[in-house]
Every structure is written in C-alpha cells, then in structure tokens.
Amino acid sequence: MLFDDVEELDAIGPWEALSHWARTYPDDGYRVVTLARDGGEVRCAKGLRVLADHSYGDAPPLDVLLYPGGRGTRSQLHDEDQLAWAREQRETVPLLTSVCTGSLVYAAAGLLRDRPATTHWKSLDRLADLDPTIDVRRDERFVDDGDVITSAGVSAGIDMALHLLARLAGPERAREVRRHIQYDPAPPV
C-alpha cells in the first residue's frame, strides 16, 4: 500500500524482497502489486515518486496487505474514510502486516485490540496511547500474531518480509531470497 509521505524503505524494502520472490518463483503462486487510494503517482517522504498499480477501487483480491509507515500516516489516524477502509480490509484480507507507523493506523482503526504489536521506536508510546489494550513489544523487530504481523521501523520491514516469505513459502525459499537481495546486516558503525 502506498500514500503520500510514505517512508521509502518501509514500502520499497519489503517490496524488493517479496517481488523478487514472486518473479523468481512464479510457481509459488504469488504476485506483488501496489495500491494507493486513487492509484497513480505517490510522492514518498524523501521525494521518491512511484506509481501505484491500482487504486482501492480496482485492486485485485489480496492475500496479504502490507501497510507501511511514514509521516503520511499521521493524518490517517484521524481520517475516518481511511480507518473504515483499513477495517474493511480486515474483513477480506487474511493477513495484515505493517511496517513502522503503519501499525498506528491499524491501532486507530481498532485492529490491534488485545494483540501484541510493535512500531518505530519513536512511536511506541503513541501506539500504547492509541489503544491501551495493545501489548506493546518495545524490543522486537517484528511481532507475528497469526493474522497480523507488525514490524518496527524502516529496515525492520525487510526482516518482517523475509519472515512472511518463510511463512508463505518456507524457510529455504526465504533464505534464497535473502541471499539474492544480499540482505545480511552487518552495520559498519
């Protein structure tokens, strides 16, 4: 899912891992698409412009929805149409995932009630404030609660995407994709 002021790596990092998988292993039966409320061009948080494949109205049925974060989520927390859309997705999409502050939108929509979840470290308190029933996991890169997976910020979305890939296609396939995209964090600092 894309929207103006989405954090680039929140969306593009998981997209890279998942789209590599879908294109390299088409027999696994998955396809990765992007969508935005009205479709078309989306301007990301740091200026990258991307084109969504679909609008909400013409998107195909989804098996997984990945809701990234970024400054653009702030206004969505009070956007009743967007929150209603998120709740509708809960009714039709088997697996909801989020990166960074995408989980705040899920919380504002009531989708994380009585669940464990995480978000970007700077937004953990806000997550708890949005819904005090959430078991906020402050030290985890991602939290898998069955039909909802949330991840911490930015690069943690890649970890979550590889975990998701392991769930959907098996650990060996996830290792193959991780190797291909050369995701092997060893920070120089």
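Residues numbered from 1 in each chain as written. Predicted model: local features only at pLDDT ≥ 70, side-chain atom pairs only at ≥ 80, totals over all residues. Heavy atoms only, no water.

A. A look at the side chain of Gln89. For Gln89, the position within the fold is in helix α3 (residues 80-92). Relative accessible area serves as the criterion here: at 11%, Gln89 is assigned to the buried category. Ignoring any residue separated from it by four or fewer positions in sequence, one finds Gln89 in contact with Leu65 and Leu96. (Helix = DSSP H or I, 4+ residues; strand = E, 2+ residues; numbered from the N terminus. Buried < 20%, exposed > 50% of the residue type's maximum accessible area, 1.4 Å probe, protein only. Contact = heavy atoms within 4.5 Å.)

B. Representation of the state of the cysteines within the structure. Counting across every chain of the model gives 0 disulfides. Free cysteine Cys44: the closest other cysteine sulfur is in Cys100, separated by 13 Å. Cys44 sits in the buried class, given a relative accessible area of 2%. What makes Cys100 buried here is its relative accessible area of 6%. (Disulfide = S-S within 2.5 Å.)

C. Structural detail: the packing of helix α1 (residues 8-24) against helix α6 (residues 156-169). Contact geometry of α1 with α6 gives a least axis separation of 8 Å together with a crossing angle of 30°. By the angle between their directions, the pair α1 and α6 is classed as roughly parallel. Here α1 runs over α6; the crossing is right-handed. Across from Leu9, Gly13, Pro14, Ala17, Leu18 and Trp21 in α1, the residues of α6 making contact are Gly157, Ile158, Ala161, Leu162, Leu164, Leu165, Leu168 and Ala169. Taken together, the residues of the contact of α1 with α6 sort by class into 12 nonpolar, 2 polar and no charged. (Axes fitted to C-alpha atoms, helices over the stretch in contact; angles between N-to-C directions. Parallel < 35°, antiparallel > 145°, perpendicular 65-115°, else oblique. Left-handed = near helix turned anticlockwise from the far one by under 90°. Nonpolar A, V, L, I, M, F, W, Y, C, P; charged D, E, K, R; others polar.)

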